[in-house]
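Residue strings, one per chain:
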Amino acid sequence: MRIVLFGPPGAGKGTQAHRLADRMDLALIATGDIFRANVANDTDLGREANSYMDKGELVPDDVVVRMVLDRLDEEDAHHGFILDGFPRTLPQAQALENELAERNRPLSAVLKFSVPDEVAVKRLAGRRTCRRCQRSYNVEFKPPRTDRVCDVCGGELYQRDDDHEDTVRHRLEVYHHDTEPLEFYFWERGLFRQVEAEGTEDEVTDRALEAISDLLEDG
Ligand code: AMP
């Protein structure tokens, strides 16, 4: 199974991506996580990406596409994957579609997690992220069991620079302008379902699984 997740920052994509990948035994490929790991390790890619991430801008398509296509060649991704945060532009979607067609491994489903902008802003203001495994918490809605420590891996929780309100608002604008049009692109291909992303994590996961099985039945 090859699944794409998209939606505005703050929709809970990352959390749902972890849950769905565990449940369905799929490789999880989250482009934001890969960039943050590169920033933490101070690699050339990390330095280049950070100059865009800091401002809430998108990293240029050629950089992201190259990175994702390399990752898709790794062994675990051959058995199926969840892409979280990619594609985010039309050229990225076209590059992905062409590569997968060449490898005879077309996408199975594209899910958009939707929440109103004001909910997204509120969620991100309180978000804390694990430095080690990148899982998300929220000081108000989903606090960790121990203050500033990840429940799952024990890593340190921190606030991402791009989760400050003015950057969040810019990321939402970029999302509406560059990423939201992908909805129509994937809808035309019969791959698209929208998932209402308010409610408990379990409720959203159930809706996502239902949307995936709907698409598989239709396909
Ligand atoms: P995320 O963790 O998905 O919110 O991504 C954090 C940041 O990484 C984004 O605001 C972008 O700067 C960059 N990024 C992640 N994925 C992509 C992508 N597919 N295209 C361009 N930039 C990306």
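Here's what I pulled together on the structure shown here.

## Brief notes about the overall build of the protein
Counting its regular elements, the protein contains nine helices and eight strands. Projecting the C-alpha coordinates of the protein onto the three principal axes gives extents of approximately 45 × 40 × 35 Å. A total of 219 residues make up the protein; the buried ones form 48% of that total. Put simply, the protein shows about 11,000 Å² of open surface, and 47% of that area lies on carbon and sulfur atoms.

## Points about the site of the ligand
The full set close to the ligand counts 15 residues, and Thr31, Arg36, Glu57, Gly85 and Gln92 are the nearest of them. The contact in question runs from a nitrogen atom of the ligand to an N or O atom on the side chain of Thr31, over 2.7 Å. Backbone polar atom of Gly85 to a nitrogen atom of the ligand: 2.9 Å apart, as the coordinates give it. Out of a free accessible area of 480 Å², the ligand has 95% covered by protein chains. Ranked by residue count, the leading element in the shell around the ligand is helix α2 (residues 31–40), at four residues.

## Things to note about the packing of helix α1 (residues 13–24) against helix α9 (residues 201–218)
One can describe the packing of α1 onto α9 by two numbers: an axis separation of 10 Å at closest approach and a directional angle of 60 degrees. With respect to α9, the element α1 is oriented oblique. In the packing of α1 onto α9, the handedness of the crossing is right-handed. Judged by residue contacts, Thr15, Gln16, Arg19, Leu20, Arg23 and Met24 of α1 engage Glu201, Asp202, Val204, Thr205, Ala208, Leu209 and Ile212 from α9. Considered class by class, the residues forming the contact of α1 with α9 number six nonpolar, three polar and four charged.

## Regarding helix α5 (residues 90–102)
End to end, α5 covers 18 Å across 13 residues, agreeing with the expected 18 Å (1.5 Å per residue, within 8%). Among all positions in α5, only Gln92, Ala93, Ala95, Leu96, Glu99 and Leu100 are buried. On an axial view of α5, the arc spanned by its buried residues comes to 165 degrees, and they lie on one face. What points out from α5, more than 90 degrees from its buried face, is the exposed set Ala101 and Glu102.

## Structural notes on the sheet that holds strand β8 (residues 192–196)
The five strands lie next to each other as β2-β3-β1-β4-β8, forming an open sheet whose pairing is parallel. Edge positions in the open sheet fall to β2 (27–30) and β8, since each of these has one partner strand only. On average, adjacent strands in this sheet sit at an angle of 20 degrees to one another, irrespective of strand direction. Here strand β1 (residues 2–6) runs beside strand β3 (residues 81–84); their pairing, made up of four bridges, is parallel. When the bridges of β3 are listed, Leu5 appears paired with Asp84. Helix-sheet contacts for α2 involve β2 and β3, and the interaxial angle to β2 is about 70 degrees.

Conventions used here
- Numbering of residues starts from 1 in every chain and runs along the sequence as written.
- Since the coordinates come from a predicted model, pLDDT governs what is reported: local features require at least 70, and pairs of side-chain atoms require 80 or more to be given and counted, while whole-chain, interface and lining totals use all residues.
- Heavy atoms from the whole structure form the basis of all side-chain values; hydrogens and water molecules are not counted.
- Labels follow the DSSP assignment, with helices taken as runs of H or I lasting at least four residues and strands as runs of E lasting at least two, numbered in each case from the N terminus.
- Burial classes follow relative accessibility: with a 1.4 Å probe on protein chains only, a residue under 20% of its type's maximum area counts as buried, one over 50% as exposed, and anything between as partly exposed.
- For the area figures, the Shrake-Rupley method with a 1.4 Å probe applies, and any residue is considered shielded solely by the protein chains shown.
- Think of it this way: one heavy atom of a residue within 4 Å of a molecule or strand is enough to make that residue near it.
- Between N or O atoms, a polar contact is any pair within 3.5 Å; within protein, one atom must be a potential hydrogen donor and the other a potential acceptor, and residues adjacent in sequence are included only when both atoms are from side chains.
- A fitted line through C-alpha atoms serves as each axis, taken over the contacting stretch for helices, and the angle formed by two N-to-C directions is quoted from 0 to 180°.
- Here is the rule for angles: anything less than 35 degrees is roughly parallel, anything more than 145 is roughly antiparallel, 65 through 115 is roughly perpendicular, and the remaining ranges are oblique.
- Left-handed is the label given to a crossing in which the near helix is rotated counterclockwise from the far helix by less than a right angle, and right-handed is the label when the rotation is clockwise.
- By definition in these notes, contact holds between two residues if any of their heavy atoms fall within 4.5 Å.
- Under the scheme applied, nonpolar residues are Ala, Val, Leu, Ile, Met, Phe, Trp, Tyr, Cys and Pro; charged residues are Asp, Glu, Lys and Arg; polar residues are all the others, including Gly.
- To estimate the expected span of a helix, count its residues, drop one, and scale the result by 1.5 Å.
- Our arc is simply the arc of the directions from the helix axis toward the C-beta atoms.
- Paired strands, as defined in this entry, are two strands with at least two bridges between them according to DSSP.

Without other data, these values stay purely geometric and don't point to any function.
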